Each structure stands twice: as structure tokens, then as C-alpha cells.
Amino acid sequence: MKIIAETASNHMGEIEYLKELSLECSRAGAHMITVQVLNLDSFVTKYDKKSYSNFLKVHIAADVWIEYFDWCKEKKICILPCILDYPSAKLCFDYGFDTVKIHASDIINHDFLSYVNQSFGKVFLEFGGANLNEISSALKILDNCEVILLYGFNAYPTKIENQNLNFLKSLENLFDCKTGFADHSIDNDIIPLLAMAKGAIFLEKHVTIDSKNENRFDWQVSIEPNSLKKLIEKIDYYRPALGEPLRQISESEKNFRKFVYKKIIAKKDL
């Protein structure tokens, strides 16, 4: 299982904070850092003053994103951009990204999905709130991409009874896709391990530098880099327990058979 550190809007538009968070998560062992890239005027209308004002707080200009991408390349940090509109998609395409994430809000945005299908080779597709028909329709459009279905219950934080981790196997069987789990719980011990056991090959966790800072978006479900490091170590420790779908009899089992399995013997000396 590979770990995706989800920065979302926790940076509050502060690029130096985002750099520090990205670097700390990379050092903790995260395989990818995902960032939400949006063009403010394309993403939200000014007529919705409340929404526009909220997203203005977290907006990062295109030239600043380029500077951040260059910085990540220099630091060897793998970035997974979550593209939220056409200008942002083009920005990431022009920069050279081949892999992107699609937010659940765009799963029924078929024109946008068609554009993504023509532009990128690999897509992490979130689908919180979507039904099976909507997921199926999106996958049919994304027929030119390798798709990883990123499943997660979008409630902050997610209650234990709402996780429904068995659905991960259903996704594999229904759509023949690789799966990931976007964990919005506050459990760093059991839920990630259960998701791995159910076949998720990616785990996404929200991250922050200070999990008690209520002034930063998504603080309720975000963990700090030191907690992320411990989570990754735990996943790495238990991963070998999963083994392979088919197995060879081990040497220790052969020895067990030799001494324990019942054998045919003769009642008299032959």
C-alpha cells in the first residue's frame, strides 16, 4: 500500500507553509503529495459571494504553482495534482504531469472527464456520493487512462460504522480496477490496516503541521507528519502478513508435515 498525503486546502493559500508540509510528509515516507489546483474564476462564480470568499482564502496563482512544482522536482517530491477546472488541468498538462486526481465533484462532469481522458495517462478518480451507474459512466469515458478508484466516505470525521470497507472488494469485482482508500477517520491504527487487507493499494490521509489549529481547513481529519510516519511504519510492518493470492508451501510447513502429518504404516514387518 502506497501513502498519499492530502494537503487539500490546509495551506490556506500560503505557499511556504505548503512547501514545509510537503517536505515533512515526504520525509515521513509519503509516496505522493496531493494538492488541489484551482483557477478561482473558473472554479466558482463571483455571484456566490460566500463560496468565492472562502476559496479566495486558499487560492494559489498559476505562476506560484509552477514555482512550487519546480521546487518539488528539485526536492524529489512526487506531486499528484487534483485538478478542479479546465485552466488548472491545462496548467498541469503543460507542465508535464501524466497522472492527476479528479475530485468527486467532477464525476458527473462528462465534458471535463473527456478532456482529462485526452490529456493524461493515469487518473485517481474520487467518487464520494456517486452511485454505481455514475461510476460506470465515468469509467467508460476514461477509457484511455489507467484509473484507480479512490473510495472514501466524505464525512469529517467518518464514523466507524460508515466506513463500509467491504465495498473495496466490490469495486474490484464490478469494475476490474485498482482501488485506493481516502481515509477521513481519526483512526490511525486499525482502519488503514483493514483497508489494506481489503485490497486497497493506496491510502490517502489528510495532513497538517498542527492538528489542533482550527483555523486551517480540514484540521478535523488531518494528521501531523510524525503521526504519518508512524502510520507508514505500521503499514510496512504488517504488509507481509497479507502474502500472495497463491502460495508455495514454505520450508517450515514442509518440516511440519514431515513430523505431524499422519502416515500409512504396516501392522507387521514387511
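It should be noted that the structure appears before, not after, this text.
What comes next is a walk through the structure. All figures in this text were calculated on a predicted structure; none of them were measured in a lab. (Residues numbered from 1 in each chain as written. Predicted model: local features only at pLDDT ≥ 70, side-chain atom pairs only at ≥ 80, totals over all residues. Heavy atoms only, no water.)

1. Regarding the environment of cysteine 78
Looking at where cysteine 78 falls in the secondary structure, it is placed in the loop between α4 (62-75) and β3 (79-83). Cysteine 78 gets classed as partly exposed once you look at its relative accessible area, which sits at 40%. Residues cysteine 78 and leucine 231, spaced 153 residues apart in sequence, show a C-alpha to C-alpha distance of 19 Å. In this structure cysteine 78 touches His31, Met32 and Ile33, once residues within four positions along its chain are discounted. (Helix = DSSP H or I, 4+ residues; strand = E, 2+ residues; numbered from the N terminus. Buried < 20%, exposed > 50% of the residue type's maximum accessible area, 1.4 Å probe, protein only. Contact = heavy atoms within 4.5 Å.)

2. Observations concerning the side chain of asparagine 10
On the secondary structure map, asparagine 10 appears in the loop between β1 (2-8) and α1 (15-28). With relative accessibility at 0%, the residue asparagine 10 sits in the buried group. Discounting chain neighbours no more than four positions away, the residues touching asparagine 10 are Tyr17, Leu21, Val207, Thr208, Ile209, Arg216, Phe217 and Ser222.

3. Considering unusual backbone geometry
With a phi close to 45°, alanine 8 is a non-glycine residue in the positive phi region. Its place among the elements puts alanine 8 in strand β1. Even without being a glycine, lysine 76 presents a positive backbone phi close to 60°. Within the secondary structure, lysine 76 sits in the loop between α4 and β3.

4. Focus on the nonpolar core
Among the nonpolar cores identified, the biggest contains 67 residues, and Tyr68, Phe69, Leu125, Leu149 and Leu228 are the most heavily contacted of them. The element that contributes the greatest number of residues to this core is α1, accounting for seven residues. Beyond its immediate stretch of four places on either side in the chain, tyrosine 68 contacts Ile15, Leu18, Lys19, Ser22, Ile33, Val35 and Ile79. (Core = buried A, V, L, I, M, F, W, Y, C linked by side-chain atoms within 4.5 Å.)

5. Side note on the packing of α1 against α4
Packing of α1 against α4 leaves a shortest axis separation of 11 Å and a crossing angle of 25°. Between α1 and α4, the angle is such that the two are roughly parallel. Crossing handedness for the pair α1 and α4: right-handed. Taken together, the residues of α4 that come into contact with α1 (itself represented by Ile15, Leu18, Lys19, Ser22 and Leu23) are Val64, Trp65, Glu67, Tyr68 and Trp71. (Axes fitted to C-alpha atoms, helices over the stretch in contact; angles between N-to-C directions. Parallel < 35°, antiparallel > 145°, perpendicular 65-115°, else oblique. Left-handed = near helix turned anticlockwise from the far one by under 90°.)

6. Description of the packing of helix α5 (residues 86-95) against helix α6 (residues 110-119)
Where α5 contacts α6, the axes come no closer than 11 Å and their chain directions differ by 5°. Put simply, α5 runs roughly parallel to α6. Contact with α5, carried on its side by Tyr86, Ala89, Lys90 and Phe93, involves Asp111, Phe112, Tyr115 and Ser119 of α6 and no other residues of that element. Taken together, the residues of the contact of α5 with α6 sort by class into five nonpolar, one polar and two charged. (Nonpolar A, V, L, I, M, F, W, Y, C, P; charged D, E, K, R; others polar.)

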